[in-house]
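Here is how the chains run, residue by residue.
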Amino acid sequence: MAKTLIEIKQSLDEKIGKRITIQANGGRRKTIERSGLLEGTYPSVFTVKLDQDEYAVERVSYSYTDVLTETVKLTLTDEMDVSLEATENV
């Protein structure tokens, strides 16, 4: 896994426009799983445009800190479920 927020942002910059699956902590032992396109990266957050036929919400955003603290786990779905964590160690 990336060690700094800058490394996380840079790795996500390279993956803009690709399909991604997000597993987020929903509290009280709940995990929320959503999928869509990585739409953009900004100084503090990244946005994901969700599949409209599956979700009522159009977009979600998470901070790079969420990824660093593993509150949010990302998986690229285009590359045969290769985890973002695994690709950063290459």
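Going by the structure above, here's the rest.
Structural notes, computed from the coordinates. Worth saying up front: this structure is predicted, and the values here are computed from it rather than measured.

## Some thoughts on the nonpolar core
If you look at the biggest cluster of nonpolar residues, it comprises 16 residues, and the most contacted ones within it are Leu12, Ile22, Phe46, Val48, Tyr62 and Leu74. Those elements that provide at least two residues to this core are α1 (5–13), β1 (19–27), β3 (45–50), β4 (59–63), α2 (64–68) and β5 (72–76).

## Some remarks on the pattern of salt bridges
On inspection of all chains with the given rule, the structure shows five salt bridges. Here glutamate 14 ties to lysine 15 by a salt bridge, and the two come within 4.0 Å at their closest N and O atoms. By relative accessible area, which is 11% here, lysine 15 ends up buried. Within this structure, Glu39, Glu58 and Arg59 form a network of salt bridges that share partners.

## So, unusual backbone geometry
Despite not being glycine, arginine 28 shows a phi value in the positive range, around 50°. Along the polypeptide, arginine 28 turns up in the loop between β1 and β2 (30–41). Among the residues examined, arginine 28 registers a relative accessible area of 84% and is labelled exposed. In this structure, arginine 29 is a non-glycine residue whose phi angle is positive, near 60°. You can see arginine 29 is positioned in the loop between β1 and β2. Taking relative accessible area as the criterion, arginine 29 reaches 87% and is therefore assigned exposed.

Reading the values: the criteria
Positions within a chain are numbered from 1, following the residues in the order the chain's sequence is written. Totals for whole chains, interfaces and linings use all residues, but because this is a predicted model, local features are given only for residues with pLDDT of at least 70 and pairs of side-chain atoms are given and counted only at 80 or more. To get the side-chain values, all heavy atoms of the structure are used, and hydrogens and water are removed first. The set of buried Ala, Val, Leu, Ile, Met, Phe, Trp, Tyr and Cys residues whose side-chain atoms join them within 4.5 Å is what this entry labels a nonpolar core. To sort residues, take the accessible area from a 1.4 Å probe on protein chains only and compare it with the maximum for the residue type: under 20% means buried, over 50% means exposed, and anything in between is partly exposed. The secondary structure listing takes helices from DSSP runs of H or I that are at least 4 residues long and strands from runs of E that are at least 2 residues long, numbered from the N terminus. Salt bridges are identified by distance alone: a Lys or Arg side-chain nitrogen within 4 Å of an Asp or Glu carboxyl oxygen.

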